[in-house]
Amino acid sequence: MGTTDTNASVRSPGKRLGFRKSLMTLAASVMLATSAQAATPSTADVNTTDLAVTDDTVTVGILHSITGTMAISEIGSVQAEKLAIEQINESGGVLGRQIEFVQEDGASDWPTFAEKSRKLLRQDNVAAIFGAWTSASRKAILPVIEQYNGMLYYPTFYEGLEQSPNVVYTGQEATQQILAGIDWAVKEKGAKSFYLLGSDYIWPRTSNKIARKHIDKLGLKVVGEEYYPLGHTQFNSVINKIKLKKPDVIFASVVGGSNVAFYKQMKAAGVDFTDEKPLLLTISVTEDEIRGIGGDNVEGIYASMKYFQSLDNPNNNEFVAAFKETYGDDMVIGDVTQAAYLGPWLWKAAVEKAGSFDIDKIREEFAGIEFTKAPEGYVRIHENHHLWSKTRIGQAQVDGQYKVVHETEELMEPDPFPEGYQ
Amino acid sequence: MFDGYTSSELMSIFAMQGFAGLSLFSVFVLMAMGLAIIFGQMGVINMAHGEFMILGAYTTYLTSGFFQSYLPGLFGGYFFFAIILAFLICAVLGALVEWLMIRHLYHRPLDTLLATWGLSLIMQQAYRSIFGAREVGVDLPEWMMGAFQVTDLVELPINGLFVMIIALSIAVAVYLLMYRSGWGKNVRAVVQNRSMAEAVGINSAGIDRATFALGCGIAGIAGAAFTMIGSTGPSSGQAYIVDTFLVVVFGGAQSLIGTIISAFGISQAQSTMEFFLSGSMAKVLTLLVVVGILMLRPEGLMALKVRR
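Values in this document were obtained by computation on a predicted structure and should not be read as measured data. (Residues numbered from 1 in each chain as written. Chains lettered and ligands numbered in written order. Predicted model: local features only at pLDDT ≥ 70, side-chain atom pairs only at ≥ 80, totals over all residues.)

**Some points on the overall build of chain A**
The cut-off we apply is this: Secondary structure follows DSSP: runs of H or I at least 4 residues long count as helices, runs of E at least 2 residues long count as strands, and numbering of each begins at the N terminus. Radius of gyration here uses only the C-alpha atoms, and the compact-globule reference equals 2.2 Å multiplied by the residue count raised to the power 0.38. The exposure scheme places C-beta atoms from the backbone and then counts, for each residue, the other C-beta atoms within 10 Å of its own, assigning buried at 20 or more, exposed at 12 or fewer, and partly exposed in between. In this description, any two residues whose backbone-derived C-beta atoms lie within 7 Å of each other are considered to be in contact.
Per the secondary structure count, chain A includes 15 helices and 15 strands. Taking 2.2 N^0.38 as the reference for a compact globule, 422 residues should give roughly 22 Å; the C-alpha atoms of chain A span a radius of gyration of 24 Å, in line with that estimate. If one aligns the C-alpha atoms of chain A with their principal axes, the spans along those axes are about 90 × 50 × 45 Å. Within chain A, the proportion of its 422 residues that are buried is 53%. A separation of at least 24 residues holds for 71% of the contacts in chain A among residues at least 6 apart in sequence.

See the structure below:
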């Protein structure tokens, strides 16, 4: 009895798989034949690469830090992506399918981002990943997403010098944000000397390299350049140095919890930014960060972004209202949060244009896709997977909001590999 | 670097830099004093020390909110009340933790390390769940903000002065407690020879609990003081814990004077180097020097000679 049993169970795996495969093909063709919904393309048509797509649902991944030092910044992105997904579902979904999402926590730890993105692509077979915030986390995800041919929708303004076929960059890159900001400071405020200060990792270092080149090109001076480890909390020495050097502009790219310590200590040292002596121009303080820092500690600083919550246009008014209704009246919305909101909508537009969820097919459709309901007004995807968008300069007010003081007239073309800046 | 400035400007810059160094020194002293008592006197490695500090900070945040809503007239003085409250709450929690967990692990230092690390994770998540993952802003009364104008060019931040006063008071209080009081004598007796101390009638379990509670209470005061200069969030404690252990171990774990000396040394080295070099490089060099000295003298700067 024993031997016959084992014989029976040792059927060649190939045969068993073959049987299962033909059963599935039979089931699929039955489903195809009985699919009455002409509007909903069949799963076999729209998904030829084994993504997590069924007749009614499609699964995407959300990968941000909800714990650790970056949580203060990334939670807004998660909220925005979830809001976008909810609104898309309410309006019928993508190719007639409701979006479901798997959320993972990067925990402010870059190797964790790589590990979780691998899990989302291999185990969950997500059709898109909305995630990452710091450049370090994006760089960690990059090899994984290129190896398994996924698509990452990355919301943060960053230093450029990258153009992956597997990433859509919904935030500004350096030329749009940094160069425009420095040009404004020079033209409108007559700035002649700059002090560059940032946290110690790739984004501030590369941003300052680009800023320095631009400042040198304009024939102006960089009087100091400093980096402090992420999480550093004692800034008294650098504040004294800044007082010693007396720059016209402090160009700040301090990130995360260090922001709170830096601005509090600046204020305690008697620096009043509304005097604009020195003027502080930052590329890393959005409405989200001000919430933790305190409006009266940053009153008077300028930020170079593409979006501010105070923008007055019909898209943004609707967006802010919907966001507050979903998450509470005291919510604030920063630049990255808005860029994260764009991600699902741009993905949906690409999928519907391609008529498929397959990554290779939607990649062909990216260039030229417009989104006219963007809270920042209007964006368009460029062939280099970045967005055409306007740059704005805002001045921080005591209530934690920014007052827009300058806006570029035209959309700025994204140029992640500017000549002469590498 | 120094050309183009008048000598009075240079003097004022050096004065402010000296003050910055002293400010950093007081921060280190406050952070390290609580841990020095726990680690130094009791040999317990408390990885949750940073989280106790943040508990003090959150207490200050709640006190600030309470005074703003219910006692706005007294808001100017809420900070002193917050410090006392932070001390009490952290001390009570410390006593509870000691009774529940630490007392079973006295002869197992690696296990206390693991257990207190787990405690720190639990506390961080508790803060996240109760207060939210974002950092909270603590409002200060008007008189505590801004700078104190000593001369035309020298400006000393008021909260820096405040931190220094608190650090000094704590250091003096701990000294008086440990070396000039009856209770302190009991603590030292238990540390030096537990069985003999018990033989003369000292309740060593009670002493342990009180000492741990004192250490945690001081951590709470440090956290309250830090709301003035830093951020208060669930994982903010992690920014302090490494420096704290560094100061305590470098000074010689069993010596409170050693802790103060090492805090002074490390803070002056770091702040001077930060002034002349960049922030990250200063940290690297400071750590290299500390590592070098510890390799030559593993017991730290001031090692107490104790009969074993």
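**A look at the overall build of chain B**
Counting its regular elements, chain B contains 11 helices and two strands. Each helix and strand of chain B, ordered N terminal to C terminal, gives the series α-α-α-α-β-β-α-α-α-α-α-α-α. Taken against the 2.2 N^0.38 rule, which gives 19 Å for 308 residues, the C-alpha radius of gyration of chain B at 20 Å falls within 12% of a compact globule. The dimensions of chain B, computed from C-alpha atoms along their principal axes, are 70 × 55 × 35 Å. When the 308 residues of chain B are sorted by exposure, 49% land in the buried category. Put simply, 77% of the contacts in chain B that link residues at least 6 apart link residues at least 24 apart.

**Digging into the confidence of the model for chain B**
Residue and element names in this part refer to chain B. Put simply, the rule reads: Scored from 0 to 100, pLDDT records how confident the predictor is in each individual residue.
Predicted confidence across chain B gives a mean pLDDT of 85, with 96% of residues reaching 70 or more. The least confident element of chain B, judged by mean pLDDT, is strand 1 (residues 147-149) at 76; the most confident is helix 3 (residues 78-100) at 93. Under the prediction, the complex receives an ipTM of 0.76, its pTM being 0.78.

**What about the pairing of strand 8 (residues 249-253) of chain A?**
Side-chain positions along a regular strand alternate between the two faces of the sheet. All names here are of chain A. Rules: Here, a strand pair is defined by DSSP locating no fewer than two bridges between the strands. Here, the term right-handed applies to a crossover whose path from the first strand over the helix to the second runs clockwise when the strands point away from the viewer.
Most of strand 8 sits out of view: five of its five residues are buried. In terms of strand pairing, strand 6 (residues 193-199) meets strand 8 through five bridges, oriented parallel. Paired with F194 across the two strands is V249, which belongs to strand 8. Each parallel crossover has a hand, and for strand 8 linked through helix 10 (residues 258-268) to strand 9 (residues 279-282) it is right-handed.

**Some points on the nonpolar core**
Going by this rule: One nonpolar core equals one set of buried Ala, Val, Leu, Ile, Met, Phe, Trp, Tyr and Cys residues connected by C-beta atoms within 7 Å.
Membership of the largest hydrophobic core comes to 138 residues, with the highest contact counts inside it found for F28, V29, L30, A32, M33 and I221 of chain B. When neighbours within four sequence positions are excluded, F28 of chain B is seen to be in contact with D243, V247, A263, I266 and S267 of chain B.

**Things to note about the interface of chain A and chain B**
One frequently used descriptor of interface size is the decrease in accessible area upon assembly of the parts. Let me state the cut-off plainly: Think of it as three bins: nonpolar holds Ala, Val, Leu, Ile, Met, Phe, Trp, Tyr, Cys and Pro, charged holds Asp, Glu, Lys and Arg, and polar takes everything else, Gly as well.
In this complex, chain A contributes 36 residues to the contact, which on the side of chain B involves 34 residues. Elements supplying a minimum of two residues to the side of chain A that touches chain B: helix 4 (71-90), strand 7 (221-228), helix 9 (236-245), helix 10 and helix 11 (287-293) of chain A. Of the residues belonging to the side of chain A that touches chain B, the class tally is 14 nonpolar, 15 polar and seven charged.

**Digging into the sheet that holds strand 13 (residues 387-388) of chain A**
Residues and elements named next belong to chain A. The strand order across the open sheet built from three strands is 11-12-13, with neighbouring strands paired in antiparallel fashion. Here the strands that pair on one side only, and so sit at the sheet edges, are strand 11 (370-371) and strand 13. In this structure, strand 11 lies alongside strand 12 (residues 379-381), joined through two bridges in antiparallel fashion. Within the sheet, the bridge partner assigned to F371 lies in strand 12 and is V379.

**Describing unusual backbone geometry**
Leave glycine aside and you will find that most residues have negative phi; peptide bonds, for their part, are mostly trans. Residue and element names in this part refer to chain A. Residue P278 follows K277 across a cis peptide bond; omega there is 5 degrees. Tracing the backbone shows P278 in the loop between helix 10 and strand 9. Its identity as a non-glycine residue notwithstanding, A107 has a phi of 60 degrees, on the positive side. Residue A107 is classed as partly exposed on the basis of its C-beta count, with 19 C-beta atoms lying within 10 Å. One non-glycine residue, A132, lies in the positive phi region at around 70 degrees.

**Structural notes on helix 1 (residues 7-42) of chain B**
Residue and element names in this part refer to chain B. As a reminder, the rule being used: By this rule the span expected of a helix is its residue count minus one, scaled by 1.5 Å. In this scheme, the bend at a residue equals the angle between the axes fitted to the seven residues that finish there and the seven that begin there.
A rise of 1.5 Å per residue sets the reference length of helix 1, with its 36 residues, at 52 Å; its end C-alpha atoms lie 50 Å apart and thus fit the reference within 8%. A36 marks the point of greatest bend in helix 1, at about 35 degrees. Of all 36 residues in helix 1, 27 are buried, a share of seventy percent or more. Within two residues after helix 1, G43 carries a phi angle of roughly 70 degrees, on the positive side.

**Section: the packing of helix 2 (residues 49-70) of chain B against helix 8 (residues 204-226) of chain B**
Residue and element names in this part refer to chain B. For clarity, the threshold we go by: Angles run from 0 to 180 degrees between N-to-C directions of axes, and those axes are lines fitted to C-alpha atoms, restricted for helices to the stretch in contact. By definition in this entry, angles of less than 35 degrees are roughly parallel, angles greater than 145 are roughly antiparallel, angles of 65 to 115 are roughly perpendicular, and the rest are oblique. Take the far helix as your reference; a near helix turned counterclockwise from it by less than a right angle gives a left-handed crossing, and one turned clockwise gives a right-handed crossing.
In contact at an axis separation of 6 Å, helix 2 and helix 8 are set at 55 degrees when each is read in the N-to-C sense. When the interaxial angle is binned, helix 2 and helix 8 end up oblique. For helix 2 against helix 8, the interelement crossing comes out right-handed. Contact with helix 2, carried on its side by H49, F52, M53, I54, L55, G56, A57, T59 and T60, involves C216, A219, G220, I221, A222, G223, A224 and F226 of helix 8 and no other residues of that element.

**With respect to the sheet that holds strand 10 (residues 302-305) of chain A**
Residue and element names in this part refer to chain A. As summarised here, the arrangement of the seven strands in space is 7-6-8-9-10-14-15, forming an open sheet in which the pairing is mixed. If you trace the sheet from one side to the other, it starts and ends with strand 7 and strand 15 (402-407), each paired once. Averaged over all neighbouring strand pairs, the angle between strand axes comes to 25 degrees, with direction disregarded. The sheet contacts of helix 8 (residues 202-217) involve strand 6, strand 7 and strand 8, and relative to strand 6 the element is tilted by about 170 degrees.

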